[in-house]
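What the coordinates show
Here is how the chains run, residue by residue.
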Amino acid sequence: MSDYPESPPRSQGTGAPACCRLKRSERTKPAICRRSGLLVLTGIALAAHAALGVSLEITVRHTFNGEPLLLDSLRYQDAAGETLSVTRLSYLLSGFALERADGSWLEFTNEVAWMDAAQGRAAIRFEDLKPDSFRSIRFHVGLGANLNHADPAKFAAGHPLNPNLNGLHWNWQGGYVFLAMEGLYRTGAGNELQGYACHFARDQNRTRINLPAQLDLAHDALMLMDFDVGVLLNAPRPLSFARDGRSTHSREGDPVSAALAANLPGAFRVRQIESAAPTARLAAAVKPLYLPDHFTPYRFQMSAVFPIPDLPRDNPLIEERVALGERLFHRSEERRVGKECRSR
């Protein structure tokens, strides 16, 4: 019996001791763990997305006959030929709802928006919505009776219905002005400028707006909407300040108030809906850095659950390069293993 320990057995064909060589299953464990970890993280992200829900933001662009509205600019004309400007456009929206494909409605009963062109207030956001598909949106210009006649002192400083914030509450009469539009006008060139003030209010004048909107809320979405003042003044009931009056407080039988109520439903439209879902983009053609005269494209295959790698488009995979890389890898691996064994 020898006093010296036996040398470890050698693996055939490698020249390296078996103790210094990793089994294939051991070498693949880190890759398997990485894949499993990726799947777990993906599952957690999807669960979190479902739990938190999605959001919808509605942003209103103020326009005049389809063009962005410029405040304090005496450049617009109504159907009567009057030249006018808009110096104030401020209004309240409520009663938001989304219609599902089956005709049922998702109601946002407590949501109110105060929009103001001069102050740049033009958006409302709904959070934590359950992913769903919708075909139309509904809202009202104005408030329901309960909110319209609520005690304004109960609304916090930043609330849309705080009268000190929006300046739309009628202290002398009670209730809110649903829509305030003010500016200057004149009936012809050289004529004197006069002011107009349209204060659209009272419970009976709360106006419902229904708009078609194909909305897929699988992801966060942005709905871009237009409010066209040109339509509000001109269609379907043309409004003339000289003829119908240059101020209104929405009294019974007031022609200005009646025209605004008739024209409001057509003054809004959904311009565009944008989704936060990732979109596929066509990659621009890239010229390879170098290709041999004769080559064979490499058929790259991978597991369906593994993330697609970002392969360089200027250095495409070909059979010849893959074979060369494999030889170089094994050669360097053999050198590394041999070095580790020598150092033991």
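Here, the structure is the one placed above.
Residues numbered from 1 in each chain as written. Predicted model: local features only at pLDDT ≥ 70, side-chain atom pairs only at ≥ 80, totals over all residues. Heavy atoms only, no water.

Between its first and last C-alpha atoms helix 6 (residues 255-267) spans 18 Å; for 13 residues at 1.5 Å apiece the expected length is 18 Å, and the two agree. Those residues of helix 6 that sit buried are Val256, Ser257, Ala259, Leu260, Asn263, Leu264 and Ala267. For helix 6, the capping residue at the N-terminal end is Asp254, with a side-chain oxygen 3.0 Å from the backbone nitrogen of Val256. (Helix = DSSP H or I, 4+ residues; strand = E, 2+ residues; numbered from the N terminus. Expected span 1.5 Å × (residues − 1). Buried < 20%, exposed > 50% of the residue type's maximum accessible area, 1.4 Å probe, protein only. Polar contact = N/O pair within 3.5 Å; in protein donor to acceptor, adjacent residues only side chain to side chain.)

Next up on the list: the environment of Leu311. Assignment of secondary structure puts Leu311 in the loop between strand 14 (268-275) and helix 7 (319-342). In this structure Leu311 comes out as partly exposed when scored by relative accessible area, which is 38%. Those residues in contact with Leu311 that sit more than four places away from it in its chain are Phe300 and Leu317. (Contact = heavy atoms within 4.5 Å.)

Another aspect to go through is the nonpolar core. Core analysis: the biggest nonpolar cluster contains 65 residues, and Leu56, Ile137, Met225, Phe227 and Phe268 have the highest contact counts within it. With residues up to four places along the chain from it excluded, the contact list for Ile137 reads Ile58, Ala97, Leu98, Trp105, Ile209, Asn210, Leu211, Ala213, Met223, Met225 and Val270. (Core = buried A, V, L, I, M, F, W, Y, C linked by side-chain atoms within 4.5 Å.)

Turning our eyes to something else, we now look at the side chain of Asp228. With respect to the secondary-structure elements, Asp228 resides in strand 12 (residues 221-228). No salt bridge is formed by the buried Asp228. Its closest oppositely charged neighbour is Arg269, at 6.4 Å. Here the side chain of Asp228 touches Thr63 through a polar contact of 3.4 Å, side chain to side chain. Within the structure, the side chain of Asp228 is placed 2.7 Å from the backbone nitrogen of Asn65, a separation counted as a polar contact. Setting aside anything within four residues of it in sequence, one finds Asp228 in contact with Thr63, Phe64, Asn65, Gly66 and Ala267. (Lys, Arg positive; Asp, Glu negative; His and termini not counted. Salt bridge = Lys/Arg side-chain N within 4 Å of Asp/Glu carboxyl O.)

Turning next to the pattern of salt bridges. Applying the stated criterion across every chain yields a total of 11 salt bridges. Linking Arg138 and Glu107 is a salt bridge whose minimum nitrogen-to-oxygen distance equals 2.7 Å. Here the residue Arg138 occupies a position in strand 8 (residues 133-141), and Glu107 occupies one in strand 6 (residues 105-116), the gap between them amounting to 31 residues. The class of Arg138 is buried, set by a relative accessible area of 13%. Arg251 is the partner of Asp254 in a salt bridge, and the nearest nitrogen-oxygen pair spans 2.8 Å. Given the relative accessible area of 3%, Asp254 is considered buried.

As a further point, take unusual backbone geometry. Look at the link from Ala235 to Pro236: it is a cis peptide, with omega at 0 degrees. By the element assignment, Pro236 lies in the loop between helix 4 (229-234) and helix 5 (241-244). Positive phi, close to 50 degrees, is recorded for Asn65, a residue that is not glycine. Structurally, Asn65 is set in the loop between strand 1 (54-64) and strand 2 (67-68). For Asp128, which is not a glycine, the phi torsion comes out positive at approximately 55 degrees.

Turning to the side chain of Ser85, a few remarks are in order. With respect to the secondary-structure elements, Ser85 resides in the loop between strand 4 (83-84) and strand 5 (88-100). The exposure class of Ser85 is buried, given its relative accessible area of 3%. In contact with Ser85, other than residues within four places in its own chain, are Asp72, Ser73, Leu74, Glu182, Gly183, Leu184 and Tyr196.

Right, let's talk about the packing of aromatic side chains for a bit. Centre-to-centre distance and the angle between the planes together describe a pair of aromatic rings. This structure, assessed with the given rule, holds 10 aromatic pairs. Measuring from ring centre to ring centre gives 4.2 Å for Tyr196 and Phe241, while their planes differ by 15 degrees; the resulting arrangement is stacked. Separated by 45 residues along the polypeptide, Tyr196 in strand 10 (residues 194-201) and Phe241 in helix 5 bring together distant segments of the chain. The exposure class assigned to Tyr196 is buried, which follows from its relative accessible area of 3%. The class of Phe241 is buried, set by a relative accessible area of 2%. Ring centres 4.3 Å apart and planes at 5 degrees place the aromatic pair Phe227 and Phe268 in the stacked group. (Phe/Tyr/Trp six-rings, centres within 6.5 Å; stacked < 30°, edge-to-face > 60°.)

To continue, consider a nonpolar patch on the surface. Together, Tyr298, Phe300, Leu311 and Leu317 make up an exposed nonpolar region whose accessible area comes to about 330 Å². Note that Leu317 resides in the loop between strand 14 and helix 7. Classification of Leu317 as partly exposed rests on a relative accessible area of 35%. (Patch = residues over 30% accessible without salt bridge, like charges linked within 9 Å, V, L, I, M, F, W, Y side chains within 5 Å. Areas by Shrake-Rupley, 256 points an atom, 1.4 Å probe, with all protein chains shown as cover.)

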